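# Breakdown of the fold
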Amino acid sequence: MKTMTAADAKNHFGKFLDMAQREPVVVSKNGRAIGVFMSMQDIEDTIWGERALKAHAEGYAGVEASEALMKRLLNAET
């Protein structure tokens, strides 16, 4: 993970954005980390990964099993 000072991030914002597209960038001020800047893709990957882990822990059946269940349920009603 790269680190950039708040002043450098401000003065070189384009470079800062480019760096964040490749990997998260820690922003520091007065020698202390104050935040992390991540690309939208990284955030989306993280959110989807967390949702997938939660679904798995809750017993999510998956696409094939869900389709088979729906077909069985629909056929049972006819």
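Before reading on, note that the structure itself is shown above.
Here's a quick rundown of the structure. (Residues numbered from 1 in each chain as written. Predicted model: local features only at pLDDT ≥ 70, side-chain atom pairs only at ≥ 80, totals over all residues. Heavy atoms only, no water.)

## As for the side chain of Ser39
The test is simple: The secondary structure listing takes helices from DSSP runs of H or I that are at least 4 residues long and strands from runs of E that are at least 2 residues long, numbered from the N terminus. Here a polar contact is recorded for every N or O atom pair within 3.5 Å, except that within protein the pair must consist of a potential hydrogen donor and a potential acceptor, and residues adjacent in sequence are included only if both atoms are side-chain atoms. By definition, residues are in contact when any of their heavy atoms lie within 4.5 Å.
Topologically, Ser39 is positioned in the loop between strand E3 (32-37) and helix H3 (40-57). At 3.1 Å, the side chain of Ser39 forms a polar contact with the backbone nitrogen of Asp42. Look past the residues within four positions of Ser39 in its chain and what remains in contact with it is Ala20 and Gln21.

## Structural notes on the sheet that holds E3
Condition: For two strands to be treated as a pair, DSSP must find no fewer than two bridges joining them. Think of each axis as a best-fit line through the C-alpha atoms, taken over the contacting stretch in the case of a helix, with angles from 0 to 180 degrees between the N-to-C directions.
The mixed open sheet is built from three strands, whose spatial order is E1-E2-E3. This sheet does not close on itself; its edge strands, each paired only once, are strand E1 (2-5) and E3. Adjacent strand axes in the sheet meet at a mean angle of 35°, parallel and antiparallel pairs treated alike. One ladder, built from four bridges, connects E1 with strand E2 (residues 25-29); its direction is parallel. Looking at the pairing, Thr3 lines up with Val26 of E2.

## A look at a nonpolar patch on the surface
For the record, the criterion: The residues that make up patches have over 30% relative accessible area and no salt bridge, and they are joined within 9 Å when like-charged or within 5 Å when they are Val, Leu, Ile, Met, Phe, Trp or Tyr. Residue burial considers only the protein chains on display, and all accessible areas are found by Shrake-Rupley using a 1.4 Å probe. Whenever Lys or Arg places a side-chain nitrogen within 4 Å of a carboxyl oxygen from Asp or Glu, that contact is recorded as a salt bridge.
Together, Met1, Val36, Met38, Ile43 and Ile47 make up an exposed nonpolar region whose accessible area comes to about 430 Å². Within the secondary structure layout, Ile43 lies in helix H3.

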